Amino acid sequence: MIATFKSLLSSGASLLTSSPRAFGSTLLDSIIRMSTTRTNYWLEFVFTGSLATALLAAGVHQHSGSWLMDFFTVMAGLLAFSLIEYVFHRWIFHGPESMYRRGHDAHHLDPHGYDGLPFFLPSAILLGLTLLFYLFMPASNACLLGGAIAFGYVAYGLSHFAIHATRFRLPWMRSWAARHHVHHHNPDRNFGVTTPLWDYVLGTRHRRRSRSG
């Protein structure tokens, strides 16, 4: 993996004097290759988990007002992430041809692979989203809301990894994991990973066909 990062840096340096289009194309190819590595996969959790912790801590530190409101802010962030997860999975990862669609198709072909987003991208997006929240609400609430969404993203990623890497013994955990395994056999059903809530709401929950006769 270290060699991959060195390759990314050296390819960028060698193309600084070439055309901007060639530089951009090569840099993008290098980032895409990096995104399939195990190190990138786990770095994404480190970066996003650290951001989630920092934002939640900042929200608590800057607390002013009602703790109950802070609690509802965190719950709203988790609920918002569950919807974001569903929307991205259904309409982007299974949507029109794109880099995200190709990466997700690779996951369906090899569920134990390490295809993912560039490790820095989710943290950058979540930080930008938190700054956007800050324009419309107090800093403490913006941090709590952004931190909760970031925490939801980490929970989603770790849950997704565990589903494919673990044989659960507890019945309720086997049932939870089975919902996602069904999605790999029925790609137009069960888009929710952390929760089936939006599959129920939007009618994409997989239903077993009743046996007649």
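See the structure printed just above.
Cut-offs used in this document
- Residues numbered from 1 in each chain as written.
- Predicted model: local features only at pLDDT ≥ 70, side-chain atom pairs only at ≥ 80, totals over all residues.
- Heavy atoms only, no water.
- Axes fitted to C-alpha atoms, helices over the stretch in contact; angles between N-to-C directions.
- Helix = DSSP H or I, 4+ residues; strand = E, 2+ residues; numbered from the N terminus.
- Parallel < 35°, antiparallel > 145°, perpendicular 65-115°, else oblique.
- Left-handed = near helix turned anticlockwise from the far one by under 90°.
- Nonpolar A, V, L, I, M, F, W, Y, C, P; charged D, E, K, R; others polar.
- Expected span 1.5 Å × (residues − 1).
- Buried < 20%, exposed > 50% of the residue type's maximum accessible area, 1.4 Å probe, protein only.
- Contact = heavy atoms within 4.5 Å.
- Polar contact = N/O pair within 3.5 Å; in protein donor to acceptor, adjacent residues only side chain to side chain.
- Patch = residues over 30% accessible without salt bridge, like charges linked within 9 Å, V, L, I, M, F, W, Y side chains within 5 Å.
- Areas by Shrake-Rupley, 256 points an atom, 1.4 Å probe, with all protein chains shown as cover.
- Salt bridge = Lys/Arg side-chain N within 4 Å of Asp/Glu carboxyl O.
- Lys, Arg positive; Asp, Glu negative; His and termini not counted.
- Arc of directions from axis to C-beta.

Student: Could you clarify how one ought to interpret the packing of helix α3 (residues 38-61) against helix α7 (residues 139-165) in this entry?
Tutor: Two quantities define a packed helix pair, namely the angle between the axes and the distance from one axis to the other. Relative orientation of the contacting elements α3 and α7 amounts to 150 degrees, with a least axis distance of 7 Å. Relative to α7, the element α3 is oriented roughly antiparallel. At the point where α3 passes α7, the crossing takes the left-handed sense. Residue classes in the contact of α3 with α7 are distributed as 17 nonpolar, 7 polar and 1 charged.

Student: I tried to follow helix α4 (residues 67-93) on my own but got confused; where do I start?
Tutor: It helps to recall that an α-helix has 3.6 residues per turn; residues three or four apart then point in one direction. An ideal rise of 1.5 Å per residue puts 39 Å on 27 residues; α4 measures up with 37 Å between its terminal C-alpha atoms. Inspection of α4 places D70, T73, G77, F81, S82, E85, Y86, H89 and F93 among the buried residues, and these make up the whole buried set. The elements touched by buried residues of α4 are α5 (99-109), α7, α8 (171-185) and α9 (197-202). Between the side-chain oxygen at the start of α4 and the backbone nitrogen of L68 there is a gap of 3.2 Å, and the oxygen is on S66.

Student: Is there a simple way to think about a nonpolar patch on the surface in this case?
Tutor: A surface patch of nonpolar side chains, about 590 Å² in accessible area, is lined by L79, W91, L197, Y200, V201 and L202. Looking at the nonpolar patch, the elements with two or more residues in it are α4 and α9. Following the sequence through the fold, L79 ends up in helix α4. A relative accessible area of 45% means that L79 is categorised as partly exposed.

Student: Where do I start with the side chain of D199 in this structure?
Tutor: With respect to the helices and strands, the residue D199 is situated in helix α9. The side chain of D199 is buried and forms no salt bridge, while R179, the nearest opposite charge, is found at 6.8 Å. Engagement of the side chain of D199 in a polar contact is seen with the backbone nitrogen of F191, the distance being 3.0 Å. With near-sequence residues (within four places) excluded, D199 lies in contact with Y86, N190, F191, G192, T204 and R205.

Student: Just checking my understanding: could you explain helix α6 (residues 121-134) for this structure?
Tutor: Taking 1.5 Å as the rise per residue, α6 with 14 residues should run 20 Å; its terminal C-alpha atoms sit 20 Å apart, in good agreement. Every buried residue belonging to α6 is among P122, S123, L126, T130 and F133, and all of these are buried. Buried residues of α6 fall within an arc of 95 degrees about the axis and therefore sit on the same side. Exposed and facing more than 90 degrees away from the buried side of α6 are I125 and L131. Where the residues of α6 are buried, they touch α3 and α7.

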